[in-house]
Amino acid sequence: NAPAGGRIGYDPWLMTADQVKRFARAAAAAGADLVAVDSNPVDAVWADRPVAPPAPVTLHPPRFAGESAARKIARVKKALGKMDALVVSDPHGVAWLFNIRGGDVGYTPLPLAFAIVPRDDRPRLYIDGAKLSNSVRAKLADLADIEAPDALTSDLERLGAATKTVRFDATTAPALLSQTLEKAGGKAEIGTDPTAL
């Protein structure tokens, strides 16, 4: 139903790379273009939007998790093969990988966070620092560099500038992340997140 020559905006934080490809093909078939927007118009008019959840992060002991976070990270690094890094975009994957739990999602003990796991370097965990007590932060700092969520895109730009190949999960990674990497010169590999396996 798109008019020929029409431009249809989309929020690249809310669509995966595969969804963007599918919608772009459909728009092209109608003679229209799919265009990423810098800011979502819904956000501009949503006056009573709730604040981001501030639930504290807790550690999930290995006796319940079944394996230490350090061992899980080592296994994920090994599973990367020739890829340079993995972006963990699914909160389930972040919780599993670092043996943490949270309360950001109703009825599910998940913290909203992202991570980058480089094959040859320390992981980086992107999470609101206000959710971390001093003791939790100290334990996580043994495993990864703790970063503010807004540092994720600049780190992807840095990986792109270094022409790195990065795996993104096809079902959960926002298209903006792979687009950021590729725009900076990197290669996005869209597939299955090894943490899911």
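Everything discussed here concerns the structure shown above.
Report on the accompanying structure. From a predicted model like this one, the values you see are computed outputs, not experimental measurements. (Residues numbered from 1 in each chain as written. Predicted model: local features only at pLDDT ≥ 70, side-chain atom pairs only at ≥ 80, totals over all residues. Heavy atoms only, no water.)

1. Focus on the pairing of strand 4 (residues 85-88)
Thinking step 1. On strand 4, burial covers both faces: Ala85 and Val87 on one face and Leu86 and Val88 on the other are all buried.
Thinking step 2. Relative to strand 6 (residues 114-118), strand 4 is paired through 4 bridges, and the arrangement is antiparallel. Across the sheet, residue Ala85 finds its bridge partner in strand 6, namely Pro118. (Buried < 20%, exposed > 50% of the residue type's maximum accessible area, 1.4 Å probe, protein only. Helix = DSSP H or I, 4+ residues; strand = E, 2+ residues; numbered from the N terminus. Pairing = 2+ DSSP bridges.)

2. Considerations on the sheet that holds strand 8 (residues 145-147)
Thinking step 1. What the 6 strands build is an open sheet, ordered 8-7-6-4-9-10; its pairing is mixed. Two strands in the sheet have a free side with no partner beyond their single neighbour: strand 8 and strand 10 (187-191). Each strand of the sheet is rotated relative to its neighbour by a mean of 20°, with strand direction disregarded.
Thinking step 2. With 3 bridges joining them, strand 6 and strand 7 (residues 124-126) adopt antiparallel strand pairing. Residue Ala115 lies in a different strand from strand 7, and its bridge partner there is Leu125.
Thinking step 3. Its contacts with the sheet place helix 7 (residues 152-161) against strand 4, strand 6, strand 7 and strand 9 (165-169), and it is angled at close to 25° to strand 6. (Axes fitted to C-alpha atoms, helices over the stretch in contact; angles between N-to-C directions. Contact = heavy atoms within 4.5 Å.)

3. Some words on the pattern of salt bridges
Thinking step 1. For the structure on display, the rule yields 12 salt bridges.
Thinking step 2. Between Glu147 and Arg124 there is a salt bridge, and its shortest N-O distance comes to 2.8 Å. Of the two residues, Glu147 is situated in strand 8 and Arg124 in strand 7; the sequence distance between them amounts to 23 residues.
Thinking step 3. Owing to a relative accessible area of 21%, Glu147 belongs among the partly exposed residues under this scheme.
Thinking step 4. Exposure remark for Arg124: the relative accessible area of 18% places this residue in the buried category. (Salt bridge = Lys/Arg side-chain N within 4 Å of Asp/Glu carboxyl O.)

4. Focus on helix 4 (residues 69-79)
Thinking step 1. For helix 4, the set of buried residues is Ala69, Lys72, Ile73 and Val76. Axial view of helix 4: buried residues confined to an arc of 100°, hence all on one face. Seen from the buried face of helix 4, the exposed residues on the opposite side, beyond 90 degrees, are Arg71 and Lys78.
Thinking step 2. Looking at the packing, one finds that the buried side of helix 4 touches helix 3 (62-65), strand 4, helix 5 (91-98) and strand 6.
Thinking step 3. Of the residues flanking the end of helix 4, it is Gly81, one or two places downstream, whose phi is positive at about 60°. (Arc of directions from axis to C-beta.)

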